[in-house]
Amino acid sequence: MNDIGKRKLGGSGLEVSMIGMGCWAIGGKYKVEGSWSGWGPVDDNESVRALHRALDLGVTFFDTADA
């Protein structure tokens, strides 16, 4: 694992990597009030590979927020 540095996450006492991975697009399409939204089709295997690579590089902060 690479050391990319860590920072405390607010007042939680948790430490996370200084570099995070934005993961919202991994979720693909979803419905909101009957209409499709999101990033469209995704390849789950590619998403898993990306997550594993991030972990290999020392990423421990994964942001799943849509905004």
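Structure first, text after, so check above.
Here the structure is a predicted model, which is why all the values come from computation and not from measurement.

Here the focus is the packing of aromatic side chains. Evaluation of the coordinates by the stated rule reveals one aromatic pair. Seen in terms of ring centroids, Trp 24 and Tyr 30 are 6.2 Å apart; in terms of plane orientation they differ by 65 degrees. Their pairing is edge-to-face. We note Lys 29 situated over the ring of Trp 36; from NZ or CZ to the ring centre the distance is 4.6 Å.

A contiguous nonpolar surface patch, about 250 Å² in accessible area, is contributed by Leu 9, Leu 14 and Phe 61. Along the chain, Leu 14 turns up in the loop between strand E1 (6–8) and strand E2 (15–17).

Of note, Ser 17 is situated in strand E2. Residue Ser 17 is classed as buried on the basis of its relative accessible area, which comes to 4%. Among residues more than four places away in sequence, those in contact with Ser 17 are Ile 4, Gly 5, Lys 6, Gly 58, Val 59, Thr 60 and Phe 61.

Compared with an ideal rise of 1.5 Å per residue, which puts 13 residues at 18 Å, helix H1 (residues 44–56) spans 18 Å between its outermost C-alpha atoms and is within 8% of the ideal. For H1, the N-terminal cap is Asp 43; the gap from its side-chain oxygen to the backbone nitrogen of Asn 45 is 2.9 Å. Backbone geometry just downstream of H1 places Gly 58 in the positive-phi region, at approximately 100 degrees.

Turning to the environment of Ala 67, a few remarks are in order. Structurally, Ala 67 is set in the segment after strand E6 (61–63). Separated by 43 residues in sequence, Ala 67 and Trp 24 have C-alpha atoms that sit 8.8 Å apart.

Sheet analysis places strand E4 (residues 29–32) next to strand E5 (residues 35–38), joined by four bridges and oriented antiparallel. What sits directly across from Lys 31, in E5, is Trp 36. The hairpin formed by E4 and E5 contains two residues between the paired strands, and Glu 33 there has a positive phi angle of roughly 50 degrees.

Once that is clear, we can look at unusual backbone geometry. Here the phi dihedral of Glu 33 falls at roughly 50 degrees; this positive angle occurs in a residue that is not glycine. Summarising the element assignment, Glu 33 is placed in the loop between E4 and E5. Exposure remark for Glu 33: the relative accessible area of 82% places this residue in the exposed category.

Criteria and thresholds
Residues numbered from 1 in each chain as written. Predicted model: local features only at pLDDT ≥ 70, side-chain atom pairs only at ≥ 80, totals over all residues. Heavy atoms only, no water. Phe/Tyr/Trp six-rings, centres within 6.5 Å; stacked < 30°, edge-to-face > 60°. Lys NZ or Arg CZ within 6 Å of the ring centre and 35° of its normal. Patch = residues over 30% accessible without salt bridge, like charges linked within 9 Å, V, L, I, M, F, W, Y side chains within 5 Å. Areas by Shrake-Rupley, 256 points an atom, 1.4 Å probe, with all protein chains shown as cover. Salt bridge = Lys/Arg side-chain N within 4 Å of Asp/Glu carboxyl O. Helix = DSSP H or I, 4+ residues; strand = E, 2+ residues; numbered from the N terminus. Buried < 20%, exposed > 50% of the residue type's maximum accessible area, 1.4 Å probe, protein only. Contact = heavy atoms within 4.5 Å. Expected span 1.5 Å × (residues − 1). Polar contact = N/O pair within 3.5 Å; in protein donor to acceptor, adjacent residues only side chain to side chain. Pairing = 2+ DSSP bridges.

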